[in-house]
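Chain by chain, the residues run as shown.
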Amino acid sequence: LYGSILECYRWDDKHFVNSYQQIMGTILASKIPLSANAIDAIWPVLIGISKIKKFLMPLLLTGSNHQPIQILHQSLYDFLTIRAHSVERWKVVAIDEKLHSQQLAVCCLKVMNTELSEATPGTGFVYGENREIPKDIELAISEQLAYSCKFWMIHLPDCAKPQATLLEALSDFLEEKFCLWLEVTVCQNNIQDICVLLQWIKVSASGNTFEFVLIST
């Protein structure tokens, strides 16, 4: 059924294929459902998701651009991430979940590098005059920032062979945004195990100065 629906799409259009891969890949690899607006913000260089979403409507559960997008059924996930890889005519629709998780790790770091600042709700209580921990900041920060702060480190282990873009984004994050991120995670009640990051650096990014930056921070 899914193959019959997907085969009707514009697979001879490279721009459509690229947009489909990024959007569907993001939907399947994200740890919680994201809205169209959040995906647009995570992938600003792509064609607007609303245009692609029209084609994918038979496969998705979604309303307005502010509402989370979910796939129609778990069997669609299985089809796109497993079965489609083994059938030649379906390979164009197949999704490499691990690849898109790697891309999301980079995207999350870039979002945090762009949006985190001393003016971000939930920051300032460590070094500022007001030491009271803010509450309910999820309503005050963007959806893409909330997602990035919660899940960037969960995507990171999928990056076994990190590219320069990831290493550069991580370096900027650790040097400039790490303390701000820690404050936000406290406000999100989402304290994370830094050992996950240290282990990833040891295994996948040894030879970089990340551990020194973390100690200095």
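Residues numbered from 1 in each chain as written. Predicted model: local features only at pLDDT ≥ 70, side-chain atom pairs only at ≥ 80, totals over all residues. Heavy atoms only, no water.

Colleague: Outline the pattern of salt bridges, listing residues and values.
Modeller: The tally for this structure, following the rule as stated, stands at three salt bridges. Here Asp 13 makes a salt bridge to Arg 10, at a shortest N to O gap of 2.7 Å. Close ionic contact of Lys 91 with Glu 88 constitutes a salt bridge, the shortest N to O distance being 3.4 Å. The partly exposed category is assigned to Lys 91, whose relative accessible area is 43%. Overall, Glu 88 belongs to the exposed group, its relative accessible area being 61%. (Salt bridge = Lys/Arg side-chain N within 4 Å of Asp/Glu carboxyl O. Buried < 20%, exposed > 50% of the residue type's maximum accessible area, 1.4 Å probe, protein only.)

Colleague: Pulling in residues and values, what's your account of a nonpolar patch on the surface?
Modeller: Taken together, the side chains of Ile 133, Val 186 and Ile 191 make up a nonpolar region of the molecular surface, amounting to roughly 250 Å² of accessible area. Inspection of the secondary structure assignment puts Ile 191 in the loop between α9 (178-187) and α10 (194-204). A residue is classified by how much of its surface remains accessible, and Ile 191, at 62% relative accessible area, is exposed. (Patch = residues over 30% accessible without salt bridge, like charges linked within 9 Å, V, L, I, M, F, W, Y side chains within 5 Å. Areas by Shrake-Rupley, 256 points an atom, 1.4 Å probe, with all protein chains shown as cover. Helix = DSSP H or I, 4+ residues; strand = E, 2+ residues; numbered from the N terminus.)

Colleague: Lay out unusual backbone geometry in plain terms, naming residues and giving numbers.
Modeller: Outside of glycine, negative phi angles account for most residues, and trans bonds account for most peptide bonds. Despite not being glycine, Asn 189 shows a phi value in the positive range, around 55°. Its location among the elements puts Asn 189 in the loop between α9 and α10.

Colleague: Which residues make up the packing of aromatic side chains, and what values go with them?
Modeller: What the rule picks out here adds up to 14 aromatic pairs. Note on Tyr 9 and Phe 55: the rings are 6.4 Å apart at their centroids and 75° apart in plane angle, and the pair reads as edge-to-face. Here the residue Tyr 9 occupies a position in the loop between α1 (2-6) and α2 (14-29), and Phe 55 occupies one in helix α4 (residues 49-56), the gap between them amounting to 46 residues. Residue classification places Phe 55 among the partly exposed residues on the basis of a relative accessible area of 30%. An aromatic cluster is present here, built from Tyr 9, Trp 11, Phe 16, Tyr 20 and Phe 55 joined pairwise through their rings. (Phe/Tyr/Trp six-rings, centres within 6.5 Å; stacked < 30°, edge-to-face > 60°.)

Colleague: Kindly report on helix α8 (residues 164-176), identifying the contributing residues and their values.
Modeller: Taking 1.5 Å per residue, 13 residues should reach 18 Å; α8 reaches 18 Å between its end C-alpha atoms and fits that length. Inspection of α8 places Leu 166, Ala 169, Leu 170, Ser 171, Phe 173 and Leu 174 among the buried residues, and these make up the whole buried set. (Expected span 1.5 Å × (residues − 1).)

Colleague: I'd like a description of the packing of α2 against helix α5 (residues 74-81), backed by residues and values.
Modeller: At a minimum axis separation of 11 Å, α2 and α5 run at an interaxial angle of 125°. One way to sum up the angle between α2 and α5 is to call them oblique. For the pair α2 and α5, the crossing hand works out as left-handed. Of α5, the residues touching α2 (which contributes Tyr 20, Met 24 and Leu 28) are Tyr 77, Leu 80 and Thr 81. Of the residues that constitute the contact of α2 with α5, the class distribution is five nonpolar, one polar and no charged. (Axes fitted to C-alpha atoms, helices over the stretch in contact; angles between N-to-C directions. Parallel < 35°, antiparallel > 145°, perpendicular 65-115°, else oblique. Left-handed = near helix turned anticlockwise from the far one by under 90°. Contact = heavy atoms within 4.5 Å. Nonpolar A, V, L, I, M, F, W, Y, C, P; charged D, E, K, R; others polar.)

Colleague: Lay out the environment of Gln 192 in plain terms, naming residues and giving numbers.
Modeller: Within the element layout of this structure, Gln 192 appears in the loop between α9 and α10. On the basis of relative accessibility, which here comes to 17%, the residue Gln 192 falls in the buried class. Put simply, Gln 192 and Ile 154 are 38 residues apart on the chain and 9.6 Å apart in space, counted from C-alpha to C-alpha. In this view, Gln 192 contacts Cys 149, Lys 150, Met 153, Trp 181 and Thr 185; residues no more than four positions away in its chain are not counted.

Colleague: Residue-level account of the layout of surface pockets, with values.
Modeller: The space that makes up the largest pocket amounts to roughly 320 Å³. Taken together, 19 residues make up the lining of the largest pocket; nearest its centre are Trp 43, Gln 103, Val 106, Cys 107 and Lys 110. For the lining of the largest pocket, the secondary-structure elements that each account for two or more residues are α3 (36-42), α6 (97-115) and α8. Residue contributions to the lining of the largest pocket peak at nine residues, all from α6. Partitioned by chemical class, the residues of the lining of the largest pocket number eleven nonpolar, five polar and three charged. Computed from the structure, the second largest pocket encloses a volume of approximately 160 Å³. Forming the boundary of the second largest pocket are Ile 27, Leu 28, Ser 30, Lys 31, Ile 32, Pro 33, Ile 69, Gln 70, Ile 71, Gln 74 and Tyr 77. Residue composition of the lining of the second largest pocket, by class: seven nonpolar, three polar and one charged. (1 Å grid on protein atoms, 1.4 Å probe; cavity = no way out; pocket = protein on both sides within 12 Å on 5 of 7 lines; lining within 4 Å. Points joined across faces, edges and corners; volume = space filled by probe spheres on them.)

Remember that the coordinates give geometry; whether it matters functionally is a separate question.
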